[in-house]
Amino acid sequence: MSRILHNRMRASLKKSTQWTVVDKRAVAFSVWTGRSVLLHKPIDTSHVQRRRYGMLVARAVRGVLKIRYLLLGGAVGGGMTLNKKYSEWKDGLPDMGWLNELLPDNDKWDQFTTTLIEAKEKISDQLQIGVPLTLSVQIDPRLRDMGIARASELREWLSQRYEDAVAAAAVTNSSSLEQPAKIVNNLQSKPQPVAQRSIDDNSSYEKRVHVLQEEVLALQARYQRELQRLEQENRELRQQNMLLRQGRQPSTRKMKRSLIDMYSAVLDELSGWDAGETDRLPRVVVVGDQSAGKTSVLEMIAQARIFPRGAGEMCTRAPVKVTLSEGPYHVAQFRDSAREFDLNKESDLADLRKEVELRMRNSVRGGRTVSSEVISMAVKGPGLHRMVLVDLPGVISTQTVDMASDTRDAIKQMTMKYMDNPNAIILCIQDGSVDAERSNVTDLVSSCDPSGKRTIFVLTKVDLAEENLANPNRIRRILEGKLFPMKALGYYAVVTGRSRKDDSIQNIREYEERFFRSSKLFKDGLVTPSQVTTRNLSLAVADCFWRMVRASVEQQADAFKAMRFNLETEWKNTFPRQRELDRDELFERARAELLDQSAELSAVAANVWELRLQHALWQAAAERVFGNIYLPAAATAHADVDKFNTAVDIKLREWAEAELPTTSIRAGREALREEFTDLMSRAQDSDPVYEPVKKEAVEEALRRHQWEDRAQDVLRVLQLNALQDRCVSSRQDWDAAVTLMDSAVKERLDLVNKELKDLTGPGLKERWLYWQASSDEQARRGEVRGELERLGVARPALAYDEVVAVRDNLRRRGIDVDNDYIRETWKPVYLRNFLLRAQTRARDCRKSFYLYSQQNGNGKECCEVVMFWRVQQTLRTTANALRQQIGNREANRLDRELREVLDEMAADPELKKKLLSGRRVELAEELKRVRQVQEKLEEFIEALNKEK
C-alpha cells in the first residue's frame, strides 16, 4: 500500500514539474512574439518595453560614473607616487656644482676645436712633403707618451669623481632607507597642489643637472674614444714588434711615402743581389783616401755625428748607404730595425754609433778586414736635402800586419765597382792638409770618369791647409781643377771639424762659416762663395743627384722590364707546368708538409709500432744476447743444464740492470726515425726540390730529441719483472721462441762460415765451378781445420795434449805451425760445430712443447728455448712500453722540437739557400726580385712625374 502511495506521489510531482517548465517557456515565447501559446491571442507588451529601456539607461549612467571615479583615483595615486619617486631621486643625486668651476666656457671650447683643426692640417702637410710611413703612422714617441700620460690622468680623474658621486648617492640612499615611514607620511600628508609647486620650483635645477650630465658624458665619451685609439695603436705596435723579433715582416699599410724613400726602397732591393749590368741606378758614391774626411763630410751633410771614430785606424769596413730626407724630427733608423734614434739626444747618438760599429764588425767574417755587405740607414730631419749616399772604405796604399792580405785589392775592387756605374755621382774627397802627390783616389776617379761629367771634387781640412801651405795659389789651382789629373763638375772647399770629438755639428758649421769669412781665400778672391761650406756642397750634390735620377730612371726601368721578360720566357720553356715558388714559399710548403707528417705519427697503428719496435730492439740486443749471454753460458755449462740456467739468470739480470734500458731507448729513437722516414717516403705529390729541407729538419730534431729520464727507470722495472718469468704458457709462444732461436743461430752460423771461408779459402764447389784457388796461408789454415775436425773435441778450449797431437800430425805432413796458431783456428771451428748442434736442438725442441707442458716448466730439456723465450717476452714488454711512451709523450715532444728547428731554419737565409738550390729555385728568386724592383721603379716614376 505504501509502495502504491509512493508511486502516485512521484507521478504527481513529476507532472507538476513538467507543467512549470512549460509555463516558463510559454511566457518567454509570448513576450518575444506577442502571442499567447495557451490562448493563441496577442498580448500587451508595452510596459515590458518601457522597463527594458530604463534598465539600459541606468546601466550606462553607472558605467560613466565608474570611469570618472577610476580616472580621478588614478590621477591622485599617480601624482603621489611620482612625487615620492622624484623626492627619492633628488635626494640621491650627487652635487654637480663642482663642474661649473672645472668646465671651460664656450669660447675656450671653440678655441680648443680650432687648435685641433690647425694641428690636423699641419700633420697632413708634413705627411705630404715626404715623411716616410712604413709600418704605421709615425707619431713622435714623446708626444705619444705625453698624450697617453695625459689621457691616463683624465681617466683617473673622471673615475675618482664618479666613485665620489656613487659614494654620496649610497650615503643618501642609506639615510633615506633608515626613515621610510616618515617619507611616506610626508607624502600622504601633502596635498596635490603643494607637490606640484615643489616640482615647478625644482624644474630649473633639474634641467641644469641634465645639461651638466650630458656634457660630462660627452666629455667622457670623447676621452674614451681617444684612449681606445691610443690603445689600439699600442697593440699594433706591440704586434709589429713581436713579428720583427720572430724575423717576419709585419703587414704594412698602404700610405703615401716620399720620393726619396721610394727610391731608397729600390736600392735596398738591389743590395745584396748581383744584378750585373742591369743595376745602373744613380747613387752618390763617397770615395777618398783613408782619413781624408769622407765620413766627416757625410756627417755634415746629414747634420749629425752618426759614425764611430777611429784613432788612426780604419773606421769604415763596409759600405754604408744613407738615405737623407726631410722630416719634422731629426731621427735615424736602420732598414731592418724598428727603433728610431733621436739625433738630438747624445745617448741615442752613442747607441747609434755603437750599432754601426757592431754591424761593421759582424759583416767581416773569416779573417777579412772589409766586407761588401751594405749597411742601410735612413736619416730624416728638418732642412736635409733628399739624396742617397754610399760611404765606402777609404783607399789605402799600404797594408798593416793586422789586415788581411787582400785588403788593399778588395777596397780597390769595391770602389771601382761602385764608380763604374755610369749613373753614379762620384763625390771625391781629398785631404787638403797633405801633399797632392800622395793621393790614391784621384787616379781611380779619373779612370772611371775621365770627362768628369758625374764627379764632384771636395777639398777637406782647408783650415789646416791654409796654415801649412806657404803658397795659397796651390789651393786655388786645386779648386780650379788644374792640379790633379782629373776633371769634375764642381770643386768645393769645406771644413768638417777641429779634431775635437765633442764638437757638435752646429759648432762645426759655425766655425766653418767664421773661417771662410776671415780666410785669405775670400779676401784675395781666390775662391767664390758658392765653392765653400758644406751647405753649398749638400745643395749641389742633391741637385746633381736628382738631375741624374730624372735622366736615367726610365731607361733603367725599361732594362728591368726586358730582364723580367727574358726570365719569364725561360721559366715558361723550362718549367711550363709549375708555379714560380721562391725559397721562402718552398720552405713554407716543406714546413707545412713536414708538420702534417709529424702529426701522422700519433695515428700509426699500435701493431705497426710494436712490430717495428720489436725489430729495432732485437737488432740492438742480438749481439749482446748471443755473444755475451748465450755462448758464454753454454761454454761454461758444457751440457750441465743447471749450470747453464744459473749462468743465464745472472747474465740476464746484469744486462737488464745495466744496459738494456739504455739500449731500449736507442732502439726506440731508431724506430721513431724509421717510421718518420717511411711517412715521408709514402707522401704523395711531394716536391723533390724541398726534400733536403725535410730531411735536414728531421735529422736535427731527432738529434736534439732526448727521451725522458724517468722512462729508463720504468723500463728497467718492467724488464726485470718480465725476465723473472720462466714458464712458457702457450704453444704459440713456444714456436715463436724456437723460431727466434733458429733464426739467430742461423744468422750467426752464416757469419762463422764466412769467417772460415776467408781463413781456409774457397771450397770444392768454388774451386771446380768458379776456378777459385786458395793462397798458401789459406791452404795451411785448411789443413789445421781438417785436423781439428778429425780430433772430435766439443769443448771451447783445447787441452795441451790435444794441441800437441794436432801439431805433431801436421808436422808429419810437412806443415809447421805453433800452438797459438792452432788455438786461433780452433775458435771458429768450435763455434761452427756448436751452432750446428744448437740448430739441431732448436729444431728438435719445436716438437717438445707437450713434454714441456706436462712437466709444468720444470723440465731440463730445451732450456735454450726457454732462455730465448724470456728474452723475447722482455723485448715484447719493452716494445709495448715504448709504444705507449711514444704515443703519449715522445711524439708530441718531437713535434715541438721539429717546430723549433723549422723556426731556426726559417731565420737562417744561408741555410735555406744551401738546402733549396737548383736552377728552378734560382730562376724563381730572380723573377721575384726583378718584379719587385720593376714595380717599385714604376711606382717611383709615377710619383716623380707627378712632382714635375
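Named according to an unreviewed UniProt entry, the protein is Dynamin-like GTPase OPA1, mitochondrial originating from Arctia plantaginis. Under the UniProt heading Catalytic activity (unreviewed entry), the note attached to the protein is "GTP + H2O = GDP + phosphate + H(+)".

(A) Fine view of the packing of helix H20 (residues 641–658) against helix H21 (residues 660–681). One can describe the packing of H20 onto H21 by two numbers: an axis separation of 4 Å at closest approach and a directional angle of 60 degrees. In terms of their interaxial angle, H20 and H21 are classed as oblique. Counted together, Trp655, Ala656 and Ala658 of H20 and Leu660, Pro661 and Thr662 of H21 form the full contact between these two elements. Across the contact of H20 with H21, the residue classes tally to 5 nonpolar, 1 polar and no charged.

(B) Examining the sheet that holds strand S7 (residues 425–431) more closely. Strand order across the open sheet formed by 9 strands is S4-S3-S5-S2-S6-S1-S7-S8-S9, with mixed pairing between neighbours. Either end of the sheet is taken by a strand with one partner, and the two such strands are strand S4 (341–342) and strand S9 (490–493). As judged from the 5 bridges shared by strand S2 (residues 320–326) and strand S6 (residues 387–391), these two strands associate in the antiparallel manner. Paired with Thr323 across the two strands is Val388, which belongs to S6. In the packing of helix H8 (residues 259–270) onto the sheet, the strands contacted are S2, strand S5 (375–381) and S6, and the crossing angle to S2 comes to about 165 degrees.

(C) How the structure looks around the state of the cysteines. For the structure on display, the rule yields 1 disulfide. Between Cys845 and Cys862 runs a disulfide, and the two sulfur atoms are separated by 2.2 Å. Residues Cys845 and Cys862 are joined through a disulfide that is left-handed, its torsion about the S-S bond being -100 degrees. Of this pair, Cys845 sits in helix H28 (residues 819–845) while Cys862 sits in the loop between helix H29 (849–854) and helix H30 (863–906), placing them 17 residues apart in sequence. Residue Cys845 is classed as buried on the basis of its relative accessible area, which comes to 8%. Cys863 takes part in no disulfide bond, and the closest cysteine sulfur to it belongs to Cys862, at a distance of 8.0 Å.

(D) Structural context of the nonpolar core. Residues Trp618, Tyr630, Phe644, Trp734 and Phe868 are the most contacted members of the largest nonpolar core, which totals 104 residues. With 18 residues, H30 is the largest single contributor of residues to this core. Residues contacting Phe644, with those up to four places away along its chain left out, are Tyr630, Ala633, Ala634, Ala637, Cys863, Glu864 and Met867. Formed by 61 residues, the second largest nonpolar core is a distinct cluster that contains Ala332, Val553, Phe940 and Leu944.

(E) Focus on helix H10 (residues 346–363). Over its 18 residues, H10 extends 26 Å from the first C-alpha to the last, a length consistent with the 26 Å expected when each residue adds 1.5 Å. Of all the residues in H10, the buried ones are Asp348, Leu349, Leu352, Arg353, Val356, Met360 and Ser363. In a view along the axis of H10, the buried residues occupy a sector of 140 degrees, so they form one face of it. Looking at the buried side of H10, the elements it contacts are S2, strand S3 (331–334), S4 and S5.

Conventions we followed
Residues numbered from 1 in each chain as written. Predicted model: local features only at pLDDT ≥ 70, side-chain atom pairs only at ≥ 80, totals over all residues. Heavy atoms only, no water. UniProt positions renumbered as here; feature names shortened; annotations may be inferred. Axes fitted to C-alpha atoms, helices over the stretch in contact; angles between N-to-C directions. Helix = DSSP H or I, 4+ residues; strand = E, 2+ residues; numbered from the N terminus. Parallel < 35°, antiparallel > 145°, perpendicular 65-115°, else oblique. Contact = heavy atoms within 4.5 Å. Nonpolar A, V, L, I, M, F, W, Y, C, P; charged D, E, K, R; others polar. Pairing = 2+ DSSP bridges. Disulfide = S-S within 2.5 Å. Buried < 20%, exposed > 50% of the residue type's maximum accessible area, 1.4 Å probe, protein only. Core = buried A, V, L, I, M, F, W, Y, C linked by side-chain atoms within 4.5 Å. Expected span 1.5 Å × (residues − 1). Arc of directions from axis to C-beta.

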